Amino acid sequence: MPLPVNRRPVRRLTYSSVLLALALLLSYVESLVPLPLALPGVKLGLPNVAIMLACLHVGRAAGAAVSFLRVLLVALLFGSAASFLFAFFGALLAYTVLWLLGRSPRLGRVGLSVACAAAHGVGQILAGVLLYGIAVVFYLPFLLLAALPFGAICGALLYACERLLPPLRLL
Amino acid sequence: MKKNGIHPALFRPLDLLPMLTVLLLALALLLLPFLLGGGKTLAVVTASGTVTYPLSADRSFTLCENGYTLTVVIADGAARVVETNCPEAICRRTGAISRVGESILCSRAGVLLRVEGEGGYDAVAG
C-alpha cells in the first residue's frame, strides 16, 4: 500500500538525499580498495548499489538525479574535468540501461547489474576516445571482463539491501 | 517476496543473456587483432630504398646487396632469414621476428628487416 500522494514528494526527496550521500561515501570507500588490475576506470562500483536502489525503489527520475549529482559532486570534490567526462559518460550509458531494463521482472539483480556495469565501461571508452583518440578502445575488453565479477557483486549487494530494507512504499 | 510491488530476484535464467554477451564481446575484442593479422608489415630497408610486405601473407624473396645474398621467408605472421652466403650469418641466427619493433640487421650487406605497425612496446614499466 503506497504512501498517500501528498506525502510522497517529501519521502522521495528524503530517500534520494540519503542515497546520494551514501553514493558519495561509497565512492570514497571504494577508492580505498586497491584493485590488482592497474587499469584506469576499473572499480568495484559500490555507489551503483545506492543508485540502483534509488531508481528501482524511489523512482527513475530520482535515480537519474542521484546518478548525475553523484558524478558532479565527486568530480568537484575529488576529481578533474577529465575524470568528470569519464564518469559522466559511464553513468549516462549505465543509467540508460538501468532505465530500460530495471523494471523487467524477468531479469535478476545480477544480470541487471552486469549489463549496467558493461554499459558503464562502454561509456568510459567513449569518453576516452573523445579525449585521447581511438587507441583507447584497446581497454574495452578488459573493462567488459571486469564488469562480470564486479557487476555480479553489486547485483548481490543490491539484492541483499532490497531484502533487508523496509518497504519504501513509494512506487 | 514483495516490496513496493517489486519482486526482486538475485539471479534469473535470462541473466545469462547479458552476461554471456558481455563475455563473448570481450573475448572477440581481445582476439580481433590476432584474427586480422594485426596489420603488421615487414619493412626491408636497403641502400636502394625501402620495400614493405604485409606479414599476414606468406611469401619468400631474395635480397642481393653488397655481394651478399639473403633469402627471407615470411610465414605465419613472422619473418626470418633462412639462407645467406655470409659467413657470420647473424641475420639467420637472429631467428624469426614478428612483433612491432623487432628487427634483423645485416651490417655487411646493409640490409635491415623491421616489423612495423601499430602498438608494440619500446619498454614496459610495471
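You'll find the structure just up there.
Quick caveat: nothing in here was measured; it's all calculated off a predicted structure.

Colleague: I tried to follow helix H6 (residues 140-164) of chain A on my own but got confused; where do I start?
Modeller: Residue pairs spaced three or four apart in an α-helix point in one direction, given the helix's 3.6 residues per turn. For H6(A), spanning 25 residues, the distance from its first C-alpha to its last is 35 Å, which sits close to the expected 36 Å at 1.5 Å a residue. Of all the bends in H6(A), the greatest reaches close to 35 degrees and is centred on A:Leu148; the proline A:Pro149 follows between one and four positions later.

Colleague: I tried to follow the sheet that holds strand E1 (residues 41-46) of chain B on my own but got confused; where do I start?
Modeller: Strand pairing in a sheet takes place through backbone hydrogen bonds and is either antiparallel or parallel in direction. Residues and elements named next belong to chain B. Pairing is antiparallel across the open sheet formed by 4 strands, whose spatial order is E2-E1-E7-E6. Sheet topology places strand E2 (49-54) and strand E6 (103-106) at the edges, where each strand pairs with a single neighbour. Across this sheet, the average inter-strand angle for adjacent strands is 15 degrees, counted without regard to direction. Inspection of the sheet shows E1 paired to strand E7 (residues 111-116) by 5 bridges, in the antiparallel sense. Bridge pairing in E7 links Ala 43 to Arg 114.

Colleague: Where do I start with the sheet that holds strand E4 (residues 68-75) of chain B in this structure?
Modeller: Residue and element names in this part refer to chain B. Overall, antiparallel pairing links the 3 strands, which are arranged E3-E4-E5 in an open sheet. Bordering the open sheet on either side are strand E3 (59-65) and strand E5 (78-84), each of which pairs with just one other strand. Strand-to-strand, the axes of this sheet are offset by a mean angle of 25 degrees, without reference to chain direction. Direction of pairing for E4 relative to E5: antiparallel, over a ladder of 6 bridges.

Colleague: Just to check I follow, could you spell out the nonpolar core for this structure?
Modeller: As a rule of thumb, nonpolar side chains are buried together in soluble globular proteins. Membership of the largest hydrophobic core comes to 54 residues, with the highest contact counts inside it found for A:Ala50, A:Ala54, A:Val66, A:Val114 and A:Ala147. Contributions of two or more residues to this core are made by helix H1 (8-32), helix H2 (47-58), helix H3 (60-78), helix H4 (81-101), helix H5 (109-132) and H6 of chain A together with helix H1 (16-35) of chain B. If one sorts the elements of this core by residue count, H6(A) sits on top with 12 residues. The residues contacting A:Val114, other than those within four sequence positions of it, are A:Ala147, A:Leu148, A:Gly151, A:Ala152, A:Gly155, B:Pro18, B:Met19 and B:Val22. In this structure, B:Leu63, B:Val81, B:Cys91 and B:Ala109 belong to the second largest nonpolar core, which totals 16 residues.

Definitions and limits used
- Residues numbered from 1 in each chain as written.
- Chains lettered and ligands numbered in written order.
- Predicted model: local features only at pLDDT ≥ 70, side-chain atom pairs only at ≥ 80, totals over all residues.
- Helix = DSSP H or I, 4+ residues; strand = E, 2+ residues; numbered from the N terminus.
- Expected span 1.5 Å × (residues − 1).
- Bend = angle between axes of the 7 residues up to and from the residue.
- Pairing = 2+ DSSP bridges.
- Axes fitted to C-alpha atoms, helices over the stretch in contact; angles between N-to-C directions.
- Core = buried A, V, L, I, M, F, W, Y, C linked by C-beta atoms within 7 Å.
- Buried ≥ 20, exposed ≤ 12 C-beta atoms within 10 Å, placed from the backbone.
- Contact = placed C-beta atoms within 7 Å.

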